[in-house]
Structure formats: C-alpha cells, structure tokens
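Here's the letter readout for the chains.
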Amino acid sequence: MKFLLTMFICSVGVQGTTCLPPHTFDILYKDGYDCMIAGYIKSHEKMIEFGREEINKHKIYIKFGCYEDHSNKTTT
C-alpha cells in the first residue's frame, strides 16, 4: 500500500486553536516509514521558513499524518 502525507499547520490564540486547511502533498510514498521521514523533514523545513519569531509570536505548531492512498498516482 502507498501513503500520502498530509500536513496541518495550526496556531494557538486567546480564542483557541486555529488551523489552516490541511495540505496533502502530491507525492506517494512506498510505505509508512518513508512517509513519516518525509513528514518530519517537511515540518522542519516549514518551521525554518516561518522562523523563530513568527512561531513564538503566533504559537504555531505543525502536525502531519500518513494515510493510505487508494488512487493510481506515481510512487517515489
């Protein structure tokens, strides 16, 4: 079974937690392990893109999930 990576970017404020719409990458991973490794790498890259100041100011956090794919996309 192939896997898709979906990333969730959220922030915590006085009115609770707010999340952007989930982003699912177009890449298919051959197994859950490869998908999880990619999730940590992409999360790290996104944190660097936001920067320390924005993450701390808006209390941004990133979570991700790897989900089985049921379509016919190309595998990496």
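In this report, we go over the structure that sits alongside the text. (Residues numbered from 1 in each chain as written. Predicted model: local features only at pLDDT ≥ 70, side-chain atom pairs only at ≥ 80, totals over all residues. Heavy atoms only, no water.)

### A word on the pattern of salt bridges
Side-chain pairing between opposite charges can occur once the charged atoms of the two side chains come close.
And then number 1: Applying the stated criterion across every chain yields a total of one salt bridge.
And then number 2: Between lysine 46 and glutamate 49 there is a salt bridge, with the nearest N and O atoms lying 3.3 Å from each other. Of the two residues, lysine 46 and glutamate 49 are both situated in helix H1 (residues 32-58); the distance of three residues between them amounts to about one turn of the helix.
And then number 3: Classification of lysine 46 as partly exposed rests on a relative accessible area of 22%.
And then number 4: Judged by its relative accessible area of 58%, glutamate 49 falls in the exposed class. (Salt bridge = Lys/Arg side-chain N within 4 Å of Asp/Glu carboxyl O. Helix = DSSP H or I, 4+ residues; strand = E, 2+ residues; numbered from the N terminus. Buried < 20%, exposed > 50% of the residue type's maximum accessible area, 1.4 Å probe, protein only.)

### Details of a nonpolar patch on the surface
And then number 1: Residues Tyr33, Ile37 and Ile41 make up a contiguous nonpolar surface patch of roughly 320 Å² in combined accessible area.
And then number 2: Here tyrosine 33 shows up in helix H1.
And then number 3: Accessibility expressed as a relative area gives 59% for tyrosine 33, which makes it exposed. (Patch = residues over 30% accessible without salt bridge, like charges linked within 9 Å, V, L, I, M, F, W, Y side chains within 5 Å. Areas by Shrake-Rupley, 256 points an atom, 1.4 Å probe, with all protein chains shown as cover.)

### Concerning the nonpolar core
One broad trend across soluble globular proteins is that nonpolar side chains are buried collectively.
And then number 1: By size, the foremost hydrophobic cluster in this structure holds twelve residues: Phe3, Leu5, Met7, Ile9, Phe25, Tyr29, Cys35, Ala38, Ile55, Ile60, Ile62 and Phe64.
And then number 2: If we ignore the near neighbours within four places in the chain, the residues touching cysteine 35 are Phe3, Leu4, Leu5, Tyr29 and Cys66. (Core = buried A, V, L, I, M, F, W, Y, C linked by side-chain atoms within 4.5 Å. Contact = heavy atoms within 4.5 Å.)

### A closer look at unusual backbone geometry
And then number 1: At lysine 59, a residue that is not glycine, the phi angle is positive and equals roughly 50 degrees.
And then number 2: Here lysine 59 shows up in the loop between H1 and strand E4 (60-68).
And then number 3: The class for lysine 59 is exposed, based on a relative accessible area of 52%.

### Focus on the state of the cysteines
And then number 1: A full pass over the atoms with the stated rule returns two disulfides.
And then number 2: Bridging cysteine 10 to cysteine 19, the disulfide has an S-S length of 2.0 Å. When the S-S torsion is 100 degrees, as for the bridge of cysteine 10 with cysteine 19, the disulfide is right-handed.
And then number 3: A residue is classified by how much of its surface remains accessible, and cysteine 10, at 2% relative accessible area, is buried.
And then number 4: Between the sulfur atoms of cysteine 35 and its disulfide partner cysteine 66 the distance amounts to 2.2 Å. Taking the torsion about the S-S bond as the criterion, the cysteine 35 to cysteine 66 disulfide, at about -100 degrees, is left-handed. Placement of the pair is cysteine 35 in helix H1 and cysteine 66 in strand E4, with a sequence separation of 31 residues.
And then number 5: Sequence-ordered numbering of the bonded cysteines in the protein yields a pairing of 1-2, 3-4. (Disulfide = S-S within 2.5 Å.)

Just distances and angles here, no functional claims.
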